Amino acid sequence: MTTTSHPHRAPGRRRLSTAASLGAVGVLILTGCGDADAGGTPTLTWYINPDAGGQAELAQRCSEESDGRYNIETALLPRDAASQREQLARRLAAGDTSMDIMSLDPPFIPELAEPDFLAPVPADVEEATTQDVLAGPLEGAMWGDELVSVPFWANTQLLWYRESVAEAAGLDMDEPVTWQQIMDAAREQDKYLGVQGTSAESMTVWVNGLIKSAGGEIIENPEAPADEIVIGMDSEAAQQAADIVGTIGRDGLGGPGLPTSDEGSTMAQFQSDDGSFMVNWPFIYAATAAAVEEGTVEQSMFEDIGWALWPRVNEDEPSAPPLGGINLGVGATSEHQELAWEAVECIVQPENQAYYFVTNGNPPASEAAYEYPEVAEAFPMYETIRESLEQAAPRPQTPYYNEVSTAIQQEWTPPASVTEETPRETAEFIEAVLRGDQLL
């Protein structure tokens, strides 16, 4: 299969792409270079993010189902998303022919798609793999109105709460609740509100979710060249986001460890007697169950956990929960693109996504996968996860995501420092960085 160019993309944007600038860096080739093995069967290399072994199992399953057409060999990427992005970008820019299948974090996909590092998704593959994909994951797989990757699994944050606290606050959790309501409830009951306040990707996740929930956008014209991008953070929606983040920080609602709190420490606080409400990913349910078995968390605490959709910013507007997960892409320089797309189709089958959810805790992008009985048994909140993914919104889709996210992390931390001036200052900072007038 040959690659195709995208003539509607401006050359200036391609020159400024962060990924393209990595091409001069040497790369070390991992095992599985796409050559045929001793028996003549082509070997496909699948670059995977660390998990509990589920991707390796799916690689074996699909290799067996191919009836000798291909074997899939996995190559492990670094644990953190930024290092994954860097390694993939370097390999793709260097023309590495082993980039057959890649597990891609959605925020970094535009950076790889813009310089044509990703092979175009064939029309038949697009039709076969997206018919029942939930709205949020599908949006996160696009760039320039084109599908450039295939959703594999998706992730979203829920609002987790202590049922006893919600009841004492008089909140009906069967109805949508707002950030103001849970902030008031935590304050009135002298409890801590679980949010991620550290200077990391989790802050961008939080800020983007708030702004999108309020009807705003961080970037108004994401496909524009770097020097023409307009940052939409000098807006009412961003002001509302700043008020929420700043109030939680200054009023101590997030707890004493808020400036360094990540997903794990937020969970630990939620599990304590000081817990009330928390925004976090679905992993916390299984992690808390495991803590009960280990004896570090009381069974009564586990039984007190409830879940709901992410809080609303405005009472009359649905929230736009954070979107995460992994999509699958094929490298433009892969020597086995046709077989790689065939393998992708196998990997993302609903039954495989259901298996991956149950065994590795990563929610499916496929709506049909939620209908498997084992899913409901393992994750009683599966319907809320599915509904959240239907509403979820991706982080800013731009080839310059790294610059945008890093700037937000710098300007919005610690939370107590966030004021009504922060959104405007952030917009000015990001635009200056993209123009080359300022450094991160």
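Everything here concerns the structure above.
Since this is a predicted model, take the numbers as computed values, not measurements.

Before going further, it helps to spend a moment on the overall build of the chain. Of the regular secondary structure elements, the chain holds 19 helices and eleven strands. Expected size for 440 residues packed as a compact globule is a radius of gyration near 22 Å; at 22 Å, the chain falls within 12% of this value. Seen along its three principal axes, the alpha-carbon backbone of the chain occupies a region of about 70 × 55 × 35 Å. For the chain, the proportion of its 440 residues judged to be buried stands at 57%. When contacts within the chain are restricted to residue pairs at least 6 apart in sequence, those whose partners lie at least 24 apart make up 76%. Summed over all atoms, the accessible surface of the chain reaches about 17,300 Å², with 46% contributed by carbon and sulfur.

At a minimum axis separation of 11 Å, helix α8 (residues 179-188) and helix α10 (residues 236-250) run at an interaxial angle of 10°. Considering their axes alone, α8 and α10 lie roughly parallel with respect to each other. Contacts between α8 and α10 pair Trp-179, Met-183 and Arg-187 from the former with Ile-244, Thr-247 and Ile-248 from the latter. In the contact of α8 with α10, the residues fall into four nonpolar, one polar and one charged.

What follows deals with the side chain of Gln-269. Note on placement: Gln-269 falls in helix α11 (residues 263-271). If near-sequence neighbours (up to four positions away) are discounted, Gln-269 is found in contact with Tyr-192, Leu-193, Gly-194, Gly-254, Gly-255, Asp-274 and Gly-275.

A grouping of Glu-64, Glu-65, Asp-67 and Glu-351 is seen on the molecular surface, where their side chains present a negatively charged patch. In this structure Glu-351 comes out as partly exposed when scored by relative accessible area, which is 36%.

Moving on: helix α12 (residues 283-294). Look at α12: 17 Å from first C-alpha to last across twelve residues, which is about the 16 Å you get at 1.5 Å a residue. Contact partners of the buried residues in α12: β7 (158-162), α11, β9 (275-280), α13 (299-303), β10 (305-308) and α16 (373-378). Two residues or fewer past α12, Gly-295 is found with a positive phi of approximately 85°.

Considering all chains together, one arrives at 14 salt bridges under this definition. One salt bridge in this structure joins Glu-57 and Arg-61, with 3.1 Å as the shortest N-O distance. In this pair, Glu-57 and Arg-61 are both assigned in helix α2 (residues 54-65), four residues apart and thus about one turn of the helix distant. Glu-57 gets classed as partly exposed once you look at its relative accessible area, which sits at 26%. By relative accessible area, Arg-61 is classed as partly exposed at 27%.

One number sums up the size of the largest pocket: a volume of about 1,100 Å³. Arg-79, Ala-81, Asp-105, Trp-153 and Trp-281 are the residues nearest the centre of the largest pocket, which is lined by 36 residues in total. Within the residue set of the lining of the largest pocket, elements represented by two or more residues are α3 (81-93), β6 (150-156), α9 (201-213), α12, β11 (323-329) and α18 (401-411). For the lining of the largest pocket, the element with the most residues is α18, which contributes five residues. When its residues are assigned to classes, the lining of the largest pocket shows 16 nonpolar, 13 polar and seven charged. As a volume, the second largest pocket reaches approximately 250 Å³. Lining the second largest pocket are 16 residues, and of these Met-173, Glu-175, Pro-176, Ala-308 and Leu-309 sit closest to its centre. Those elements that provide at least two residues to the lining of the second largest pocket are β10 and α17 (382-391). Among the elements that take part in the lining of the second largest pocket, α17 stands out by supplying three residues, more than any other.

On to the sheet that holds strand β8 (residues 192-194), then. The strand order β8-β9-β7-β10 describes an open sheet built from four strands, whose pairing is mixed. Looking at the sheet topology across the chains shown, the edges are occupied by β8 and β10. On average, each strand axis in the sheet is inclined to that of its neighbour by 20°, with strand direction left out of account. In terms of strand pairing, β7 meets β10 through four bridges, oriented antiparallel. Bridged to Trp-160 within β10 is Trp-307. Of the strands in this sheet, β7, β8, β9 and β10 touch α11, which is tilted by about 155° from β9. Where α12 meets the sheet, it contacts β7, β9 and β10, and its direction lies at approximately 130° from that of β9.

Let's shift gears to the environment of Val-245. Summarising the element assignment, Val-245 is placed in helix α10. Look at Val-245 and you get buried, because its relative accessible area is 0%. Taking the C-alpha atoms as reference points, Val-245 and Ala-376, separated by 131 residues in sequence, lie 34 Å from one another. For Val-245, the contacting residues outside a window of four places in its chain are Trp-206, Leu-210, Trp-412, Pro-415 and Val-418.

The rules behind the values
- The residue count restarts for each chain, going from 1 along the sequence in the order it is written.
- Since the coordinates come from a predicted model, pLDDT governs what is reported: local features require at least 70, and pairs of side-chain atoms require 80 or more to be given and counted, while whole-chain, interface and lining totals use all residues.
- Neither water nor hydrogens contribute to the side-chain values; these are computed over all heavy atoms in the structure.
- Only DSSP runs of H or I covering at least 4 residues are called helices, and only runs of E covering at least 2 are called strands; the numbering of each starts at the N terminus.
- For a compact globule the rule gives 2.2 Å times the number of residues to the power 0.38, and the radius of gyration it is set against comes from C-alpha atoms.
- Think of it in three bands: residues with accessible area under 20% of the maximum for their type are buried, residues over 50% are exposed, and the middle band is partly exposed, with areas taken using a 1.4 Å probe on protein chains only.
- Any two residues whose heavy atoms approach within 4.5 Å are treated as being in contact.
- Using a 1.4 Å probe, accessible areas were evaluated by the Shrake-Rupley method; residue-level cover was limited to the displayed protein chains.
- Orientation is described by axes fitted as lines to C-alpha atoms, over the contacting stretch for helices, and by angles from 0 to 180 degrees between their N-to-C directions.
- An angle counts as roughly parallel when it lies under 35 degrees, as roughly antiparallel when it exceeds 145, as roughly perpendicular when it falls between 65 and 115, and as oblique in every other case.
- Only Asp, Glu, Lys and Arg are considered charged, only Ala, Val, Leu, Ile, Met, Phe, Trp, Tyr, Cys and Pro nonpolar, and every remaining residue, Gly among them, polar.
- Patch rule: a residue counts if its relative accessible area is over 30% and it has no salt bridge; like charges are joined within 9 Å, and nonpolar side chains (Val, Leu, Ile, Met, Phe, Trp, Tyr) within 5 Å.
- Salt bridges are defined as contacts in which a side-chain nitrogen from Lys or Arg sits within 4 Å of a carboxyl oxygen from Asp or Glu.
- Only four residue types enter the tally: Lys and Arg on the positive side, Asp and Glu on the negative side; His and the chain ends are excluded.
- A charged residue contributes its charge at one atom only: NZ of Lys, CZ of Arg, CG of Asp or CD of Glu.
- Multiply 1.5 Å by the residue count of a helix minus one, and that product is the helix's expected span.
- Using a grid of 1 Å spacing that covers the protein atoms alone, one calls a set of points a cavity when a 1.4 Å probe fits there but cannot get out, and a pocket when the set is open and has protein on both sides within 12 Å along at least five of seven lines; lining residues are those with an atom within 4 Å of a point.
- Grid points are joined across faces, edges and corners, and a volume is the space filled by probe spheres set on the points.
- Paired strands are those between which DSSP finds at least two bridges.

Geometry only, nothing functional implied.
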